[in-house]
Amino acid sequence: MEFILEDISEAEVARRRGVYTPLTDTVRDLVDAVIRTEVSEDALDDARRRIAEVVADLRSKQMDGPYGVRHTRQNTGMAWGNAVIGVRNALAPPLDVVHVDDGVRSDFTLGAAYEGPPGCVHGGVCAMLLDHLLGNAASTEGPCYTGTITIRYLRPTRLGALSARAWVTERTGRKLYAKGTISDAEGVTCEAEGVFIVPRSAVDTPAVRWSQG
Ligand SMILES: CCCCC/C=C\C/C=C\C/C=C\C/C=C\CCCC(=O)SCCNC(=O)CCNC(=O)[C@H](O)C(C)(C)COP(=O)(O)OP(=O)(O)OC[C@H]1O[C@@H](n2cnc3c(N)ncnc32)[C@H](O)[C@@H]1OP(=O)(O)O
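Conventions used here
- Residues numbered from 1 in each chain as written.
- Predicted model: local features only at pLDDT ≥ 70, side-chain atom pairs only at ≥ 80, totals over all residues.
- Heavy atoms only, no water.
- UniProt positions renumbered as here; feature names shortened; annotations may be inferred.
- Near = heavy atom within 4 Å.
- Polar contact = N/O pair within 3.5 Å; in protein donor to acceptor, adjacent residues only side chain to side chain.
- Areas by Shrake-Rupley, 256 points an atom, 1.4 Å probe, with all protein chains shown as cover.
- Helix = DSSP H or I, 4+ residues; strand = E, 2+ residues; numbered from the N terminus.
- Contact = heavy atoms within 4.5 Å.
- Buried < 20%, exposed > 50% of the residue type's maximum accessible area, 1.4 Å probe, protein only.

Under an unreviewed UniProt entry, the name given to the protein is Acyl-coenzyme A thioesterase THEM4, and the source organism is Gordonia paraffinivorans NBRC 108238. Per its UniProt entry, the protein bears the Sequence similarities (unreviewed entry) comment "Belongs to the THEM4/THEM5 thioesterase family."

This is the structure we're talking about:
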């Protein structure tokens, strides 16, 4: 399990990001459209055929296995397959994580693809987003794995515009304790606390600017 050096310039990272972002956004739009469409079954079958053609085109040249967790020589993160921030992953909302004085934060919108209870965000999705944000807050001095995380769901999180933040509360050796919240316009809907561990194998791995995706 290794991070991969992608030996390209920052300008090339930006260029590739510009190529993949609109493609992934369109696939995200497709996912939402499939959930909410009310067209005829004939139209659905036609859509399925055309989408399958696109999938075959994309698969005509493909890497083995997952994209991996890549970074440049300047330590810009390219976790482009990541489930939360992946530039090439239509399953990712995606979160655009920014560093703030006391940790990290992200403003994002969750639509129909993230539904659990009626009109609300699936609890597992909240947990995933908080896991990532707490992990990101804890990873400023090197990458860390989630050891244990606890989520407290205070009230339902409605689909729509949301924000989340996370911060480190304490560090003991390779263990970093972090907390975080997801909020809607009325305030906090769920909160998390967890311990994140710099694995003994990664103590010398440099911190990567993952917030750039
Ligand atoms: C390094 C990878 C980071 C992943 C990055 C991925 C993508 C990057 C993209 C953007 C990233 C930006 C930030 C996001 C970062 C993370 C967010 C998502 C994270 C995940 O999605 S990650 C997947 C789920 N996660 C796992 O898959 C962990 C499986 N597990 C293991 O890989 C090992 O188990 C490990 C490494 C946890 C420990 O192994 P180890 O050998 O290094 O440490 P050791 O056992 O010596 O313990 C040292 C001290 O931690 C205590 N301790 C140990 N385990 C604990 C636990 N579970 N809970 C509470 N405390 C624990 C001990 O009690 C001792 O404490 P004390 O020193 O006080 O005695």
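S.K.: Quick one: what's the story with the site of the ligand, residue by residue and with numbers?
M.R.: Near the ligand there are 23 residues, and of these Thr146, Thr148, Arg174, Lys175 and Arg200 occur at the shortest range. Separating a nitrogen atom of the ligand from a side-chain N or O atom of Thr148 is a distance of 2.7 Å. Here an oxygen atom of the ligand and a side-chain polar atom of Arg200 are 2.6 Å apart. When the ligand sits alone it has 1300 Å² of accessible area, and the protein chains cover 60% of it. Mapped onto the shell around the ligand, the elements with two or more residues apiece are helix H3 (123-138), strand E6 (145-153) and strand E9 (187-197).

S.K.: Quick one: what's the story with the side chain of Ser183, residue by residue and with numbers?
M.R.: Within the secondary structure, Ser183 sits in strand E8 (residues 175-184). If sequence neighbours within four positions are ignored, Ser183 has contacts with Leu162, Ser163, Val188 and Thr189.

S.K.: Got a sec to walk through unusual backbone geometry? Specific residues and values, please.
M.R.: With an omega of -10°, the peptide bond between Pro93 and Pro94 qualifies as cis. Mapped onto the fold, Pro94 is located in the loop between strand E3 (77-78) and strand E4 (98-100). Of note in the backbone geometry, Asn75 takes a positive phi value of approximately 65° without being a glycine. You can see Asn75 is positioned in the loop between strand E2 (70-71) and E3.

S.K.: An account of the side chain of Arg28 is needed here, citing residue identities and associated values.
M.R.: With respect to the helices, strands and loops of the structure, Arg28 is situated in helix H1 (residues 10-36). Taking relative accessible area as the criterion, Arg28 reaches 15% and is therefore assigned buried. The residues contacting Arg28, other than those within four sequence positions of it, are Gly86, Asn89, Ala90, Ala92, Pro93 and Pro94.

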